[in-house]
There are 2 protein chains.
Amino acid sequence: MSDVPASSAPLPVIVLVRPQLGENIGKAARAMLNFGLTEMRLVTPRDGWPNPSAGPAASGADIVLEQARVYNSVADAVADCTHVYATTVRKRGVTKPVVTPEQAGRAIHASAGRTAILFGPERSGLETDDVALAREIITVPINAEFGSLNLAQAVILVAYEWSKGIELASPPETDLPLPAPHEELEGMIGQLDAMLEAAHFFYPPARTPVTKRTLRTLLTKPGWSSQEVRTFRGMLSALSGKKGPKDPPT
Amino acid sequence: MSDVPASSAPLPVIVLVRPQLGENIGKAARAMLNFGLTEMRLVTPRDGWPNPSAGPAASGADIVLEQARVYNSVADAVADCTHVYATTVRKRGVTKPVVTPEQAGRAIHASAGRTAILFGPERSGLETDDVALAREIITVPINAEFGSLNLAQAVILVAYEWSKGIELASPPETDLPLPAPHEELEGMIGQLDAMLEAAHFFYPPARTPVTKRTLRTLLTKPGWSSQEVRTFRGMLSALSGKKGPKDPPT
């Protein structure tokens, strides 16, 4: 395995969401580097960062820990990513495509944008709101009667599958525009949210979180390009009587 | 994934050769059971057997530990096996076929006899004499500049690849709804078109056909389900001040 990937896609980013133990962050770093992944992002690690327990557990994968960056929210952590996967073991009440690590590994090499892969806290896994940010879900096919993968094991299986594509990966030939970076999606959702609030769409209040998540899933599903996001926002602006499509909000 | 493999071959046996820490034996058991492997054999474990550190590390995979059997030599441990793999990360001065976990996983399912897979002690790995007992070598393709797989990680990757050959190995069940029938899409596009006309979105007239085509492409791309189309239309109705989401247009 070469450490220079043949595909032109940037290396996927491993995002640990609210990790609890520094030791597990270190183990995840070790798992990553074994298969050539170097970019780790941490969303509000419970015990802060840096964490003195991480280094010893990384067994030499210090470069991953040194370069790890901390974010205040999952949305911030994936702002520059065009594709977001959420790794879960359990079924969730969200309707998103579910893929295996193998399928995800292949798809990441075939995509030209930057991919983020979310992993949840050790005990509880990702929350529904975290999963809502993703376009697809990765689930490891596992013994139905004994499913007990820890964080680093989930990371290593995903990294391992990704690494299989390194040598074979051909530059993705794509005339398709890339999905917009996540922050553009957030901007669009924010604009629509505000309009719907004003139109009293979110009623009754008790249902508002569910309705908002439904809308988020709806708007995450297409993988719209930056141009498409601009068009949609231009349309929203027109509907709100503000601006026409020639001057979309930014 | 069912615990009954579809192939007629007996489950492969995981042989830990001179394992050092009970904790790592427990972790290996957990790794195995995640992917449906239950038979562990131990060759002269350093600290004897049973080992009180193994249970807690197995996280519930007690059945694997309870059934584990101890042998005095590798040859004894694999006496009933028709095929023996040795797992190594380093090159050895032996000339045997080297396969990936993926290739080994497939071959094990294709073979009718019982397969043993040897894993060496944590620090040093298998000795040349251990490897000499095997017919083939399994090596995990790994970052040439950072190869640091621990025992349980090596076991999990091999078990994971083997599990792919189990027929029922959970094709992730997808609850994904079908895309809406085309007429529902047309109804949605028609509603939006009318709203955008009223908002003077389509301007100048010469560009109207192109803009409408762009919007149609945008709204066709997601493959929204009937429910999602209804949600989107409910939102449009709210924005046009007509109805709330409880009573979407049909």
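Residues numbered from 1 in each chain as written. Chains lettered and ligands numbered in written order. Predicted model: local features only at pLDDT ≥ 70, side-chain atom pairs only at ≥ 80, totals over all residues. Heavy atoms only, no water.

The name recorded for chain A in an unreviewed UniProt entry is RNA methyltransferase, from Sphingomonas aliaeris.

Enquirer: Go over the overall build of chain A with me, naming the residues and quoting the values.
Expert: Helix and strand counts for chain A come out as 11 helices and seven strands. At a minimum sequence separation of 6, the contacts of chain A that also span at least 24 residues come to 84%. Accessible surface computed for chain A: about 10300 Å², of which carbon and sulfur atoms make up 52%. (Helix = DSSP H or I, 4+ residues; strand = E, 2+ residues; numbered from the N terminus. Contact = heavy atoms within 4.5 Å. Areas by Shrake-Rupley, 256 points an atom, 1.4 Å probe, with all protein chains shown as cover.)

Enquirer: Please set out the packing of helix H10 (residues 208–220) of chain A against helix H10 (residues 226–239) of chain B residue by residue, giving values where relevant.
Expert: Where H10 of chain A contacts H10 of chain B, the axes come no closer than 11 Å and their chain directions differ by 110°. Here H10 of chain A lies roughly perpendicular to H10 of chain B, going by the angle between them. Between H10 of chain A and H10 of chain B lies a crossing whose hand is left-handed. Contact residues: H10 of chain A offers Thr-214, Leu-215, Thr-217 and Leu-218 of chain A, while H10 of chain B offers Glu-228, Thr-231, Phe-232 and Met-235 of chain B. Tallied by class, the residues present in the contact of H10 of chain A with H10 of chain B amount to four nonpolar, three polar and one charged. (Axes fitted to C-alpha atoms, helices over the stretch in contact; angles between N-to-C directions. Parallel < 35°, antiparallel > 145°, perpendicular 65-115°, else oblique. Left-handed = near helix turned anticlockwise from the far one by under 90°. Nonpolar A, V, L, I, M, F, W, Y, C, P; charged D, E, K, R; others polar.)

Enquirer: Kindly report on the interface of chain B and chain A, identifying the contributing residues and their values.
Expert: Taken together, the contact between chain B and chain A spans 65 residues of the former and 67 residues of the latter. Carbon and sulfur atoms supply 63% of the area buried between chain B and chain A, which totals about 5500 Å² over both sides. Of all residues in chain B, Phe-146, Phe-201 and Leu-218 of chain B give up the largest surface area on contact with chain A, accounting jointly for 11% of the area buried on that side. For the interface between chain B and chain A, the tally reads six salt bridges. Between Lys-164 of chain A and Glu-102 of chain B there is a salt bridge, with its nearest N and O atoms 3.4 Å apart. (Buried area = accessible area lost by both parts, 1.4 Å probe. Salt bridge = Lys/Arg side-chain N within 4 Å of Asp/Glu carboxyl O.)

Enquirer: An account of H10 of chain B is needed here, citing residue identities and associated values.
Expert: Residue pairs three or four apart in sequence face the same way in an α-helix, which turns once every 3.6 residues. The terminal C-alpha atoms of H10 of chain B lie 20 Å apart, and with 14 residues this matches the ideal 20 Å at 1.5 Å per residue to within 8%. The element H10 of chain B is extensively covered by neighbouring structure, given that 11 of its 14 residues are classed as buried. Listed in full, the buried residues belonging to H10 of chain B are Glu-228, Val-229, Thr-231, Phe-232, Arg-233, Gly-234, Met-235, Leu-236, Ser-237, Ala-238 and Leu-239 of chain B. Looking at the buried residues of H10 of chain B, the elements they touch are helix H9 (182–198), H10 and helix H11 (226–239) of chain A together with helix H8 (182–198) and helix H9 (208–220) of chain B. (Expected span 1.5 Å × (residues − 1). Buried < 20%, exposed > 50% of the residue type's maximum accessible area, 1.4 Å probe, protein only.)

Enquirer: Describe the packing of aromatic side chains, naming the residues involved and giving the relevant values.
Expert: Here the structure, examined in full by the defined rule, presents nine aromatic pairs over all chains. Here the aromatic rings of Tyr-160 of chain A and Tyr-160 of chain B are separated by 6.4 Å at their centres, their planes lie at 80°, and the arrangement is edge-to-face. Here Tyr-160 of chain B lies in helix H7 (residues 151–163) and Tyr-160 of chain A lies in helix H7 (residues 151–163), a pairing that spans two chains. Tyr-160 of chain A sits in the buried class, given a relative accessible area of 2%. (Phe/Tyr/Trp six-rings, centres within 6.5 Å; stacked < 30°, edge-to-face > 60°.)

Enquirer: Would you mind going over the nonpolar core in detail, with residue names and values included?
Expert: Judged by nonpolar contacts, the single largest core of 79 residues is most densely connected at Leu-16 and Met-40 of chain A together with Leu-16 and Met-40 of chain B. Setting aside residues up to four positions removed in sequence, Leu-16 of chain A forms contacts with Ile-25, Ala-28, Met-40, Arg-41, Leu-42, Val-43, Phe-119, Leu-151 and Val-155 of chain A. Grouped together as the second largest cluster of nonpolar side chains are 38 residues, Ala-180 of chain A together with Phe-232, Leu-236 and Ala-238 of chain B included. (Core = buried A, V, L, I, M, F, W, Y, C linked by side-chain atoms within 4.5 Å.)

Enquirer: Summarise the sheet that holds strand E5 (residues 98–99) of chain A; cite the residues concerned and give the values.
Expert: All names here are of chain A. Taking strand neighbours across the sheet as the criterion, the seven strands line up as E3-E2-E1-E6-E4-E7-E5 in an open arrangement whose pairing is parallel. Across the chains shown, the open sheet's two edge strands, defined by having one partner strand only, are strand E3 (69–71) and E5. On the sheet, H7 packs against strand E1 (13–17), strand E6 (115–119) and strand E7 (136–138) and is oriented at approximately 155° with respect to E6. (Pairing = 2+ DSSP bridges.)

Enquirer: Explain the domain arrangement of chain A residue by residue, including any values.
Expert: Residue and element names in this part refer to chain A. Domain boundaries assigned for chain A yield domain 1 (13–164) and domain 2 (182–239). On a C-alpha basis, the centres of domain 1 and domain 2 stand 26 Å from each other. Tallying the contact residues gives 13 residues for domain 1 and nine residues for domain 2. Both faces combined, the contact of domain 1 with domain 2 buries some 930 Å², and carbon together with sulfur accounts for 60% of it. Where domain 1 touches domain 2, the interface holds one salt bridge. Taking the shortest distance from any N to any O, the salt bridge between Arg-213 and Asp-129 comes out at 2.8 Å. In terms of residue class, the side of domain 1 that touches domain 2 is built from eight nonpolar, two polar and three charged. (Domains from an automatic or database assignment.)

Enquirer: An account of unusual backbone geometry is requested, with residue identities and associated values reported.
Expert: Residue Pro-50 of chain B is reached from Trp-49 of chain B by a cis peptide bond, and omega for that bond is 5°. Within the fold, Pro-50 of chain B resides in the loop between strand E2 (40–43) and helix H2 (54–58). Following Tyr-203 of chain B, the chain continues to Pro-204 of chain B via a peptide bond in cis, the omega torsion being -5°. Within the secondary structure layout, Pro-204 of chain B lies in the loop between H8 and H9. One non-glycine residue, Thr-44 of chain A, lies in the positive phi region at around 35°. Of note, Thr-44 of chain A is situated in the loop between strand E2 (40–43) and helix H2 (54–58).

Enquirer: Any chance you could break down H9 of chain A for me, citing the residues and the numbers?
Expert: The terminal C-alpha atoms of H9 of chain A, which comprises 17 residues, lie 25 Å apart, in line with the 24 Å expected from a rise of 1.5 Å per residue. Those residues of H9 of chain A not exposed but buried are His-182, Leu-185, Met-188, Ile-189, Gln-191, Leu-192, Asp-193, Met-195 and Leu-196 of chain A. Considering only its buried residues, H9 of chain A is in contact with helix H4 (74–77), strand E4 (83–87), H10 and H11 of chain A together with H10 of chain B.

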